[in-house]
Amino acid sequence: SVTFDSTYKMYCIIGQSIVSASNNVELNLYTSNNGGTSYESSYDENDTRGISSGTSIHISNSTSVIGHAGSFGNASGKNASIIVWCPSPSESGTFHTVYGDSVVNDDQGYVRRGMFAGMHETAEAYDAIKFEMSSGNIASGTFSLYGLTT
């Protein structure tokens, strides 16, 4: 999990070579407004679009989680990479969004590129974010946090 403060106006999280301990699972993202004591379980708006090198297109509008672009496996070589943008998370008075892009080796053996976004319609700041597999754990991977000024 990551904790935000008002040091930067924009945060970027880059996840590389993320490997799941379980097969056919999603990498989910959750926000918090209490320092990570608890995380949101309902989002007002969420959209995920994935384009696969196979024949399928993944579209999800779940409001329980901010997903990325479909499930991926844990076989040798399977992994995901993700870029997440968090604009002005510590400012109150506006609805906050989280959005980004991902690339996965999906559970069907194809490469899938996705775009995702989520919003919680409360005018309070969020100060923490976490990544969690829909089942099982993250076996390995690197997550880097960058702060940008404007």
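Below: a short report on this structure. Values in this document were obtained by computation on a predicted structure and should not be read as measured data. (Residues numbered from 1 in each chain as written. Predicted model: local features only at pLDDT ≥ 70, side-chain atom pairs only at ≥ 80, totals over all residues. Heavy atoms only, no water.)

A look at the overall build of the protein
Argument step 1. The secondary structure content of the protein amounts to zero helices and 10 strands.
Argument step 2. Order of helices (α) and strands (β) in the protein, N terminus to C terminus: β-β-β-β-β-β-β-β-β-β.
Argument step 3. With 150 residues in all, the protein has 39% of them scored as buried.
Argument step 4. For the protein, restricting intrachain contacts to residue pairs at least 6 apart in sequence, the fraction spanning at least 24 positions comes to 74%.
Argument step 5. On the protein, roughly 7,300 Å² of surface is accessible, and the fraction owed to carbon and sulfur atoms is 48%. (Helix = DSSP H or I, 4+ residues; strand = E, 2+ residues; numbered from the N terminus. Buried < 20%, exposed > 50% of the residue type's maximum accessible area, 1.4 Å probe, protein only. Contact = heavy atoms within 4.5 Å. Areas by Shrake-Rupley, 256 points an atom, 1.4 Å probe, with all protein chains shown as cover.)

Observations concerning unusual backbone geometry
Argument step 1. Positioned with a positive phi, Ser17 is a non-glycine residue whose angle comes to about 50°.
Argument step 2. Tracing the sequence through the fold places Ser17 in strand E2 (residues 10-20).
Argument step 3. On the basis of relative accessible area, Ser17 is assigned to the partly exposed category, the value being 46%.

Looking at the nonpolar core
Argument step 1. The biggest cluster of nonpolar side chains holds 20 residues, and the ones touching the most others in it are Leu29, Val84, Cys86, Val98 and Ile129.
Argument step 2. Of all the elements in the fold, those that place two or more residues in this core are E2, strand E3 (27-32), strand E6 (80-87), strand E7 (96-105) and strand E9 (128-133).
Argument step 3. Examining the composition of this core, we find that four residues originate from one element, E6, more than from any other.
Argument step 4. Those residues in contact with Val84, other than ones at most four positions away along the chain, are Tyr11, Cys12, Ile13, Leu29, Val98, Tyr99, Gly100, Phe116, Ile129 and Phe131. (Core = buried A, V, L, I, M, F, W, Y, C linked by side-chain atoms within 4.5 Å.)

Notes on the environment of Thr122
Argument step 1. Position of Thr122 among the secondary structure elements: in the loop between strand E8 (111-120) and E9.
Argument step 2. Of the residues examined, Thr122 reaches a relative accessible area of 26% and is grouped as partly exposed.
Argument step 3. For the pair formed by Thr122 and Gly93, sequence separation is 29 residues and the distance between their alpha carbons is 8.2 Å.
Argument step 4. Not counting the four nearest positions on each side in its chain, Thr122 is found in contact with Thr94 and Phe95.

So, the side chain of Ser22
Argument step 1. For Ser22, the location among the structural elements is in the loop between E2 and E3.
Argument step 2. By relative accessible area, which is 19% here, Ser22 ends up buried.
Argument step 3. A polar atom in the side chain of Ser22 sits 3.5 Å from the backbone oxygen of Ser135.
Argument step 4. Beyond its immediate chain neighbours, meaning those up to four positions away, Ser22 contacts Phe72, Gly73, Asn74, Ser135 and Gly136. (Polar contact = N/O pair within 3.5 Å; in protein donor to acceptor, adjacent residues only side chain to side chain.)

Focus: the pattern of salt bridges
Argument step 1. The tally for this structure, following the rule as stated, stands at two salt bridges.
Argument step 2. Between Asp101 and Arg113 there is a salt bridge, with the nearest N and O atoms lying 3.3 Å from each other. One end of the pair, Asp101, is in strand E7; the other, Arg113, is in strand E8, with 12 residues separating them in the sequence.
Argument step 3. Judged by its relative accessible area of 46%, Arg113 is partly exposed.
Argument step 4. One salt bridge connects Lys130 with Glu132, and the closest N-O pair in it is separated by 3.2 Å.
Argument step 5. When its relative accessible area of 22% is taken as the criterion, Lys130 is described as partly exposed. (Salt bridge = Lys/Arg side-chain N within 4 Å of Asp/Glu carboxyl O.)

What to know about the pairing of E3
Argument step 1. Along E3, six of the six residues are buried, which leaves the element largely enclosed by surrounding structure.
Argument step 2. Burial along E3 is two-sided: Leu27, Leu29 and Thr31 facing one way and Asn28, Tyr30 and Ser32 facing the other are all buried.

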